[in-house]
Amino acid sequence: MATRKKTQPKPVTCPDCGGKGEIAETVRVGARKGRATEDRQAALCLTCLGTGDAPADGK
Ligand SMILES: [Zn+2]
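Summarised in this report is the structure supplied together with it. (Residues numbered from 1 in each chain as written. Predicted model: local features only at pLDDT ≥ 70, side-chain atom pairs only at ≥ 80, totals over all residues.)

**Some words on the overall build of the chain**
Threshold: Per the convention used, a helix needs a DSSP run of H or I reaching at least four residues, while a strand needs a run of E reaching at least two, with both numbered from the N terminus. As defined in this context, the radius of gyration uses C-alpha atoms, and a globule is described by 2.2 Å times the residue total to the power 0.38. Labels follow a simple rule on C-beta atoms placed from the backbone: if 20 or more others lie within 10 Å of a residue's own, it is buried; if 12 or fewer, it is exposed; otherwise it is partly exposed. A pair of residues counts as a contact when their C-beta atoms, built from backbone coordinates, are within 7 Å of each other.
Counting secondary structure elements, the chain contains zero helices and two strands. The C-alpha radius of gyration computed for the chain amounts to 18 Å, which surpasses the reference 10 Å derived for 59 residues by more than 25%, pointing to a less compact arrangement than a globule. Over its C-alpha atoms, taken along the principal directions, the chain stretches across nearly 65 × 20 × 15 Å. Split into buried and exposed, the 59 residues of the chain put 7% on the buried side. For the chain, the share of sequence-separated contacts (at least 6 apart) that also reach a separation of at least 24 residues comes to 47%.

Printed below as a string of structure tokens:
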């Protein structure tokens, strides 16, 4: 019987930030998501929480 060995799960790069752990987010001014400005600021990637790895799905 040829049983394939399980390969070790390799870390998956976060699709949102590309593994950087942070994203460039548009700066908005005013309360309640006012106008978006042309400025951008680095923000923590909420998908991976800054780790750069895609979160393991669910279980
Ligand atoms: Zn990310």
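That covers the picture; the talk isn't over yet.
**Details of unusual backbone geometry**
One non-glycine residue, Leu-49, adopts positive backbone phi at about 55°. With respect to the helices and strands, the residue Leu-49 is situated in the segment after β2 (36-44). Given 12 C-beta atoms within 10 Å, Leu-49 falls into the exposed group.

**Topic: the environment of Gly-50**
Relative to the elements of secondary structure, Gly-50 occurs in the segment after β2. With 21 residues separating them in the primary sequence, Gly-50 and Val-29 have C-alpha atoms 24 Å apart. Here Gly-50 is in contact with Gly-21, Glu-22, Leu-44 and Cys-45, once residues within four sequence places are set aside.

**Some remarks on the pairing of β2**
The line we're drawing: Strand pairing follows a simple DSSP-based rule, namely that at least 2 bridges must link the two strands.
Within β2, only zero of the nine residues are buried, which leaves the element largely exposed. Relative to β2, strand β1 (residues 22-28) runs antiparallel, the two being bridged by six bridges. Pairing of Ile-23 across the sheet is with Ala-43, part of β2.

**Quick notes on the environment of Cys-45**
Its place among the elements puts Cys-45 in the segment after β2. Residues Cys-45 and Gly-18 lie 27 residues apart in sequence; the distance between their C-alpha atoms is 9.9 Å. Sequence-distant contacts of Cys-45, defined by excluding residues within four places in its chain, comprise Cys-14, Asp-16, Cys-17, Gly-21, Glu-22, Ile-23 and Gly-50.

**Thoughts on the environment of Glu-25**
Counting through the fold element by element, Glu-25 comes out in strand β1. A tally of 15 C-beta atoms within 10 Å means that Glu-25 is categorised as partly exposed. When near neighbours in sequence (up to four residues on either side) are disregarded, Glu-25 contacts Arg-40, Gln-41 and Ala-43.

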